[in-house]
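Breakdown of the fold
These are the residues of each chain, in order.
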Amino acid sequence: MKKLKLGFPKGSLQDATVELFRKAGTKISVSSRSYYPISDDDELEIMLVRSQEMPKYVQNGFFDAGLTGFDWICESGAKVKEVCELNYAKSGFRSVKWVLAVPEDSKIKSIKDLEGKRVATELVNYTKRYFAKNKIKADIEFSWGATEAKAGKLVDAIVELTETGSSLRANKLRVIDEMFFSTTRFIANDKALNDSWKREKIENMAMLLKGALATEGMVGLKMNVPLEFLKKITVVLPAHKKPTVSQLSDSKWVALEIIIEERTVKKIIPALKRSGATDIIEYSLNKIIY
């Protein structure tokens, strides 16, 4: 049987990626004692690898494809193909950002004030290029962890990844520059994409993963509507939404179905009911393929 070698992100993205694959139709089980997750897709050969290492392993052919952050593609300089962007992170469906931060009471106000200073980060290569672009000479050193704790004590500033900024605030740090935003990317190498079977497998997977992401914040609504109230019902629905209308066995009734933002449902269901809709069903979605 043909196999697609897939690099699966270990660490902060792991749980969110397992859930995304579940919604996309592939169940993946990860054991704390193994680096080889089990999947219900027999055509996948999966291994857990840190996102930081993923681009190089995909580039060098150890994996046909993998999931990693745009930041680690930039940091590694690996030559990989971005199959698609997947806008999700550890704790939500959003991009993350790398920021330059200093202690709240620091006199440093901008990157220009870091001339000749020390900066700690895990994103060393990109940070060096960023400082060079801004014509600032600083000592950029690799941080093995606990980067926030080093600011103001071991180094003058840090470059750190943040989703919500809560960790920075908890450590009394102040952002002086937002360097760039990063999202998860599904990547592959040229050899895999030149193989017709692997290419189709990768493209199909990308389609389903994007479809699963498209359901974020969306639900489906079904209802039965007397034909005489159809226009009244459609007025209640958001103007940019076009429902599917199907004739029921009773010629005086139709079934109406629509995909809609979940946050608006609680506002319109009572209005739909008062306008004549019956048998209203709200249901969750796994995938939307556009």
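The structure presented is a predicted model; accordingly, all values stated were derived computationally and were not measured.

Observations regarding the overall build of the protein
If you tally the helices and strands in the protein, you get 10 helices and 16 strands. Computed over C-alpha atoms, the radius of gyration of the protein comes to 24 Å, more than 25% over the 19 Å expected from 2.2 N^0.38 for 290 residues, which places it beyond the range of a compact globule. Dimensions of the protein, computed from the C-alpha atoms along their principal axes, are close to 80 × 55 × 35 Å. A burial count over the protein gives 46% of its 290 residues as buried. Pairs at least 24 residues apart make up 69% of the contacts formed inside the protein by residues separated by at least 6 positions. Taken as a whole, the protein presents about 16100 Å² of accessible surface, with 50% of it coming from carbon and sulfur.

Brief notes about the domain arrangement of the protein
Split by domain assignment, the protein resolves into domain 1 (4-92 + 184-215), domain 2 (96-181) and domain 3 (218-284). Using only C-alpha atoms to locate each centre, domain 1 and domain 2 end up separated by 29 Å. At the junction of the two partners, domain 1 supplies 10 residues and domain 2 supplies 12 residues. When domain 1 packs against domain 2, close to 830 Å² is buried across both sides, 48% of that on carbon and sulfur atoms.

Focus: helix α1 (residues 14-24)
In an α-helix, one turn spans 3.6 residues, which is why side chains three or four residues apart end up on the same side. Residues of α1 that are buried include every one of Q14, T17, L20, F21, K23 and A24, and no others. In this structure, the buried side of α1 is in contact with β1 (4-10), β2 (28-29), β4 (44-50), β5 (65-69), β6 (81-86) and α8 (196-213). Downstream of α1 by one or two residues, G25 has phi in the positive range, about 110°.

Examining the packing of aromatic side chains
Considering all chains together, one arrives at 8 aromatic pairs under this definition. Centroid distance Y57 to F62: 5.7 Å. Interplanar angle 85°. Geometry classified as edge-to-face. Aromatic rings pair up to connect F70, Y126, Y130 and F180 into one cluster. Note that K222 overlies the ring of Y283, its terminal NZ or CZ placed 5.7 Å from the centroid. Stacked on the ring of F229, the Lys or Arg K232 has its end atom at 6.0 Å from the ring centre.

What to know about the sheet that holds β5
Spatially, β4-β1-β5-β12-β6 is the arrangement adopted by the 5 strands of the open sheet, whose pairing is mixed. Across the chains shown, the open sheet's two edge strands, defined by having one partner strand only, are β4 and β6. Ignoring which end each strand starts from, the neighbouring axes of this sheet average 25° apart. Sheet analysis places β1 next to β4, joined by 7 bridges and oriented parallel. Residue pairing across strands places L4 opposite L44, the latter belonging to β4. Strands in contact with α1 are β1, β4, β5 and β6; relative to β1, the strand with the most contacts, it is inclined by about 135°. The sheet contacts of α8 involve β1, β4, β5, β6 and β12 (184-188), and relative to β6 the element is tilted by about 20°.

A closer look at the pairing of strand β9 (residues 139-142)
Strand direction decides the pairing type here: strand β8 (residues 118-121) and β9, joined by 4 bridges, are parallel. Within the sheet, the bridge partner assigned to R118 lies in β9 and is D139. Taking the sense of rotation as the criterion, the β-α-β connection linking β8, helix α4 (residues 124-133) and β9 turns out right-handed.

Notes on α8
The end-to-end C-alpha distance of α8, which contains 18 residues, comes to 26 Å, matching closely the 26 Å that a straight helix rising 1.5 Å per residue would cover. For α8, the set of buried residues is W197, K198, K201, I202, M205, A206, L209, G211, A212 and L213.

Section: the sheet that holds strand β14 (residues 244-247)
Spatial strand order, β14-β15-β13-β16: 4 strands in an open sheet with antiparallel pairing. Strands at the two margins of the open sheet, each flanked by one partner only, are β14 and β16 (278-283). Looking at each pair of strands side by side, their axes are set apart by 15° on average, direction ignored. Looking at chain direction, strand β13 (residues 218-226) and β16 are connected through 4 bridges and run antiparallel. Note that in β16 the partner of G220 across the bridge is Y283.

Concerning the nonpolar core
Counting residues in each nonpolar core, the largest one holds 27 residues, and the members touching the most others are L6, F21, L86, F186, I202 and M205. Every element with two or more residues in this core is listed here: β1, α1, β4, β5, β6, β12, α7 (190-193) and α8. The element contributing the most residues to this core is α8, with 7 residues. In this view, M205 contacts L4, L6, F21, L44 and F186; residues no more than four positions away in its chain are not counted. Counting residues in hydrophobic clusters, the runner-up holds 21 residues, among them W98, V119, L123 and V124.

What counts and what doesn't
Residues numbered from 1 in each chain as written. Predicted model: local features only at pLDDT ≥ 70, side-chain atom pairs only at ≥ 80, totals over all residues. Heavy atoms only, no water. Helix = DSSP H or I, 4+ residues; strand = E, 2+ residues; numbered from the N terminus. Rg over C-alpha atoms; globule rule 2.2 N^0.38 Å. Buried < 20%, exposed > 50% of the residue type's maximum accessible area, 1.4 Å probe, protein only. Contact = heavy atoms within 4.5 Å. Areas by Shrake-Rupley, 256 points an atom, 1.4 Å probe, with all protein chains shown as cover. Domains from an automatic or database assignment. Buried area = accessible area lost by both parts, 1.4 Å probe. Phe/Tyr/Trp six-rings, centres within 6.5 Å; stacked < 30°, edge-to-face > 60°. Lys NZ or Arg CZ within 6 Å of the ring centre and 35° of its normal. Pairing = 2+ DSSP bridges. Axes fitted to C-alpha atoms, helices over the stretch in contact; angles between N-to-C directions. Right-handed = clockwise from strand over helix to strand, strands pointing away. Expected span 1.5 Å × (residues − 1). Core = buried A, V, L, I, M, F, W, Y, C linked by side-chain atoms within 4.5 Å.

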